[in-house]
Amino acid sequence: MRFFGSLLSALLLVAPAVNAQAPAVKAQKPVASKATGRFNGQAAYLLTQQYLATAPKRWVGSPGHAKAEEFLQSHFTAEAAKGNFETDTFTASTPSGLLTMKNFIAKYPGKKDDIIVIASHYETNYPLRDINFVGANDGAATSALLIELGNYLRAHPPEGSSVWLVFDDGEEAIQSWSARDSVYGTRHLAAKWSQDGTLKKIKAFIVADMIGDRDLDIDRDANSTPWLLDLLATAAKNTGHTPNVFQNETAADDDHMPFKQRGVPVLDMIDFHYGPPTAEQPEGSYHHTDQDSLDKVSARSLQISGDLLVEMIHLISQHG
Ligand SMILES: [Zn+2]
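The structure presented is a predicted model; accordingly, all values stated were derived computationally and were not measured.

**Q** I'd like a rundown of helix α6 (residues 184-196), residues and numbers included.
**A** Along its 13 residues, α6 runs 18 Å from first to last C-alpha, staying within 8% of the 18 Å computed at 1.5 Å per residue. Where α6 is buried, its residues touch β2 (85-94), β3 (97-108), β4 (115-121), β5 (162-168), β6 (202-209) and α8 (257-260). Count one or two residues on from α6 and you reach Gly197, which has phi positive near 90°.

**Q** Lay out the coordination of the zinc ion in plain terms, naming residues and giving numbers.
**A** Expected angles at a metal are 109.5 degrees for tetrahedral coordination by four donors and either 90 or 180 degrees for octahedral coordination by six donors. Taken together, Asp138 (OD), Glu172 (OE) and His288 (NE2) make up the protein donors of the zinc ion, found 1.9 to 2.1 Å from the metal. In primary-sequence terms, the residues that donate to the zinc ion follow D-x33-E-x115-H. In this pair, Asp138 is assigned in helix α5 (residues 136-155) and Glu172 in the loop between β5 and α6, connecting sequence segments 34 residues apart. A single burial state applies to Asp138 and to Glu172, both of which are buried.

**Q** How would you summarise the sheet that holds strand β10 (residues 266-270) if you had to cite specific residues and measurements?
**A** Here six strands make up an open sheet; going across it, the order is β2-β3-β5-β4-β6-β10 and the pairing mixed. Edge positions in the sheet fall to β2 and β10, since each has one partner strand and no second. Between one strand axis and the next, the sheet turns through 20° on average, direction left out of account. Contacting β2, β3, β4, β5 and β6, α6 runs over the sheet at an angle of about 115° to β2.

**Q** I'd love a proper account of the nonpolar core, names of residues and values included.
**A** Generally speaking, a soluble globular protein has its nonpolar side chains buried in company with each other. If you look at the biggest cluster of nonpolar residues, it comprises 60 residues, and the most contacted ones within it are Ile118, Leu165, Phe167, Leu232, Met269 and Leu308. One finds Ala119, Leu189, Phe205 and Val266 within the second-largest nonpolar core, a separate group that totals 16 residues.

Cut-off values and rules
Residues numbered from 1 in each chain as written. Predicted model: local features only at pLDDT ≥ 70, side-chain atom pairs only at ≥ 80, totals over all residues. Heavy atoms only, no water. Helix = DSSP H or I, 4+ residues; strand = E, 2+ residues; numbered from the N terminus. Expected span 1.5 Å × (residues − 1). Contact = heavy atoms within 4.5 Å. Donors = N, O, S within 2.8 Å, 3.2 Å for Na, K, Ca; no water. Buried < 20%, exposed > 50% of the residue type's maximum accessible area, 1.4 Å probe, protein only. Pairing = 2+ DSSP bridges. Axes fitted to C-alpha atoms, helices over the stretch in contact; angles between N-to-C directions. Core = buried A, V, L, I, M, F, W, Y, C linked by side-chain atoms within 4.5 Å.

Rendered as structure tokens:
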């Protein structure tokens with residue numbers, strides 16, 4: 001993803017002052033949701049480790065990309081057996097020519113007719129294919145987060161809205177970020193679901209991006225839908241994770257935009273302050289570098305992100 005530039009610089013000026021007033025990290029309270037049991041952050045961390053070991057470099061068209069796809073599919077055999085796992089293969093027109101991409105969708109039927117979608121991109125940045133870039137936080141941790149969320153939902157089926165987990169491809173630019181060269185997977189999915197009527201049923205489209213960051217601070221994204229931002233603040237309060245949410249404001253250009261443009265309520269759960277700022281990279285020095293490695297991700301942050309997503313599923317189901 002990237003920021004809309006002008007707002008970024010303005011927001012960075014105010015961010016330190018806001019941060020200074022942030023309350024100290026406090027002890028976790030139990031998740032105030034109806035579900036019994038809890039999302040397992042440690043398991044999500046181990047899945048991140050396994051995913052990185054299996055497919056450290058996962059740029060579109062690479063052997064690692066195919067291994068990443070196999071890894072994802074292998075964790076959803078139970079859903080596949082029920083006809084609730086979909087592979088969405090498409091051809092994307094990119095600056096490097098036509099590329100085959102795949103989205104995967106794991107479906108957990110609820111008791112209501114509407115759907116909450118939670119998405120993460122699973123590939124690594126294509127322009128960085130020649131450096132040692134593994135995207136531990138940028139793609140891997142959130143893919144693992146969604147796999148573990150699948151494990152949770154298998155044990156605790158949704159009682160309200162259905163939940164669909166989307167592993168989307170081609171979030172990253174192939175050459176340089178533009179509306180035409182980015183978010184290939186979610187652009188394809190939004191168009192497809194618009195045509196087949198699925199889009200009307202989507203109550204919320206949530207993106208998880210870079211929220212395995214061991215120094216977790218989920219930004220308030222100005223491109224997200226206000227009522228979903230409000231619910232995320234409530235979810236943070238209910239789960240005891242308020243210190244990890246909304247200390248910074250951003251305007252993210254990310255996988256949620258194709259759905260926002262089609263009128264779907266969207267929420268980008270992103271922490272773009274990844275690594276200490278430098279003169280060249282005020283938004284975080286680990287982003288899109290070989291510094292984006294497993295040691296920058298933590299089980300605790302994945303626990304927080306998982307707790308928030310589980311609580312968001314309950315809150316959105318009850319909303320309206
Ligand atoms: Zn990226």
